[in-house]
Amino acid sequence: MTDTRVPAAGAQATPVGSPYFAYRDGVLHAESVSVADLAERLGTPLYIYSRAALHAAYGAYRDAIGSHDVLVCYGMKANSNLAVLREFAKMGAGFDIVSAGELQRVLAVGGDPSKVVFSGVGKQASEMRLALEVGVKCFNVESIPELHRLSAVAASMGKRAPVSLRVNPDVDPKTHPYISTGLKENKFGIAIEQALDAYRNAASLPGIKVVGLDCHIGSQITEASPFLDALDKLLDLLDLLAAHDIHIDHLDLGGGLGIRYSDETLLSPTTLLNAVFERLLARGYGDRQIVLEPGRSLAGNAGILVTRVEYLKHTDSKLFLIVDAAMNDLVRPTLYDAYHGVLPVVPRTDVVTRNYDVVGPICESGDWLARNRDLAVAEGDLLAFESAGAYGMVMASNYNTRPRAAEVMVDGANFHVVRSRETVAQLLALESTLG
Ligand SMILES: *Cc1c(COP(=O)(O)O)cnc(C)c1O
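Source: prediction; values computed, not measured. (Residues numbered from 1 in each chain as written. Predicted model: local features only at pLDDT ≥ 70, side-chain atom pairs only at ≥ 80, totals over all residues. Heavy atoms only, no water.)

Draft legend 1. Layout of the pairing of strand E15 (residues 319-323). Extensive coverage of E15 is indicated by the burial of four of its five residues. Sheet topology places strand E14 (residues 303-314) next to E15; five bridges connect them, and they run antiparallel. Among the inter-strand pairings, Val309 is bridged to a residue of E15, identified as Val323. In textbook terms, the turn of a hairpin is the stretch between consecutive antiparallel strands, and for E14 and E15 this stretch comprises four residues. Sheet topology note: the E15/strand E17 (residues 354-359) ladder contains three bridges and is parallel. The partner of Ile322 across the bridge, within E17, is Val359. (Buried < 20%, exposed > 50% of the residue type's maximum accessible area, 1.4 Å probe, protein only. Helix = DSSP H or I, 4+ residues; strand = E, 2+ residues; numbered from the N terminus. Pairing = 2+ DSSP bridges.)

Draft legend 2. A look at the packing of aromatic side chains. Scanning the entire structure with this criterion turns up five aromatic pairs. When the centroid spacing of 4.5 Å and the interplanar angle of 40 degrees are considered together, the rings of Tyr74 and Phe88 count as tilted. Placement of Tyr74 in strand E5 (residues 70-75) and of Phe88 in helix H3 (residues 82-90) is noted, with a sequence separation of 14 residues between them. Judged by centre distance (6.4 Å) and plane angle (70 degrees), the rings of Tyr74 and Phe95 are edge-to-face. With Tyr74 in strand E5 and Phe95 in strand E6 (residues 94-97), the pair connects residues that are 21 residues apart, well separated along the chain. Judged by its relative accessible area of 0%, Phe95 falls in the buried class. Taken together, the ring pairs connect Tyr58, Tyr74, Phe88 and Phe95 into an aromatic cluster. Sitting over the ring of Phe118, Lys123 keeps its end group 5.5 Å from the ring centre. Arg371 extends its terminal NZ or CZ atom over the ring of Trp368, reaching a point 3.9 Å from the ring centre. (Phe/Tyr/Trp six-rings, centres within 6.5 Å; stacked < 30°, edge-to-face > 60°. Lys NZ or Arg CZ within 6 Å of the ring centre and 35° of its normal.)

Draft legend 3. Quick look at unusual backbone geometry. With an omega of -5 degrees, the peptide bond running from Thr44 to Pro45 counts as cis. In this structure, Pro45 sits in the loop between helix H1 (35-42) and strand E4 (46-50). The phi dihedral of Asp25 is positive, around 50 degrees, even though this residue is not glycine. You can see Asp25 is positioned in the loop between strand E1 (21-24) and strand E2 (27-30). Given a relative accessible area of 82%, Asp25 falls into the exposed group.

Draft legend 4. Empty space enclosed by the protein, seen in detail. This model, assessed by the stated rule, comprises four cavities of 30 Å³ or more. Of the residues in the lining of the second largest cavity, the class split is seven nonpolar, three polar and one charged. (1 Å grid on protein atoms, 1.4 Å probe; cavity = no way out; pocket = protein on both sides within 12 Å on 5 of 7 lines; lining within 4 Å. Points joined across faces, edges and corners; volume = space filled by probe spheres on them. Nonpolar A, V, L, I, M, F, W, Y, C, P; charged D, E, K, R; others polar.)

Draft legend 5. Molecular detail of the site of the ligand. With respect to spatial proximity, 13 residues lie near the ligand, and among them Lys77, Ser219, Glu293, Arg296 and Tyr391 are the closest. A distance of 3.0 Å is found between a nitrogen atom of the ligand and a side-chain nitrogen or oxygen belonging to Asp96. Within the contact set of the ligand, a nitrogen atom lies 2.6 Å away from a side-chain nitrogen or oxygen of Glu293. Taking 390 Å² as the accessible area of the ligand by itself, protein coverage stands at 93%. When the residues that make up the shell around the ligand are grouped by side-chain class, the tally is two nonpolar, six polar and five charged. (Near = heavy atom within 4 Å. Polar contact = N/O pair within 3.5 Å; in protein donor to acceptor, adjacent residues only side chain to side chain. Areas by Shrake-Rupley, 256 points an atom, 1.4 Å probe, with all protein chains shown as cover.)

So far we have only geometry, and geometry alone does not tell us how the molecule works.
Encoded structure:
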């Protein structure tokens, strides 16, 4: 696919993802800070986040919620930098966590444990213990063996663990197979046909207190219908549970709202939630609390990844831009075949536009970041990958002994380095030889 949004040399490229990244006087800015200046000062590759964009994304949920009882638990695996978490905590968000490590991040930023839901298929006893000690809102339990382990851990502490069962409603979220989680054939959740038995089992266990019902059907969803199909199935299940005297306080609809990577038509929180509220009222469940676990839609468009062009390499069949970022910095393209817009930080008019594959220096053919992009660039130029605020830095690795990128958060005309660039010395420090 050719990136038609980056026009021929001379015209201005237009960022799509977020109004907080825009050109001013011919230079890409993050809010009021020049991306070129940040790259000069802090080096590349560099993740840049916009505080205002994070606030705007959360604001879209707050506006959609109005006076309804909805708890937004940020799906923090999307971007768990402490500065990002702190902004969401200050705005009143809860957190959806998938490990004890993530729970410690919540505590480190002063997040409220009573607004934390603990998801994930492989919770360890030690993780359960920590979550019970600090008092999380709910465990989203994904299997019967997990239910039994949780009951035993809680009982040994003289507690009852608040639990939702994550059911798998078997709906197709119409997204990439790797980010679809609500179909029968994947590892997540308990099949909805087995949910009644599982809930009766849960209600009989000494260390368990049933409080909710949970699902999460996938990610980068841009239509309401998969959410509403799942909701209908959950409401049928609520009817069935009520008939068996099992009461559910809250309904957790998971995360999954999509963001703009290229030309997607988005589903807004308002459109989704209005439809949800309508369905709940119609079915007599207007009094239930709703929990949402958005990750990508809160952080994704609030970040870019900036890289510098090392080489222009012409082969017989292709033109390559070899840049200093790689699959270890942003794995989504090679992992999911994901598309990220590529913008020149300082668009230029003095070189011809050519069609390039943008690739990194790692010794893997899979190390590509963008394909078939029309760009007017020269060696040493800076490029920005758009919509890199979610599932970017969190998935970074040290493959090829590449220190991970620095992260910086812009706030108006100011910026704060929120994670220093790693050093090779730090990478080597944990290793030792046999002598
Ligand atoms: C990943 C995940 C989320 C967040 O998903 P997004 O698509 O980023 O909104 C929420 N809940 C669970 C259980 C998840 O695994």
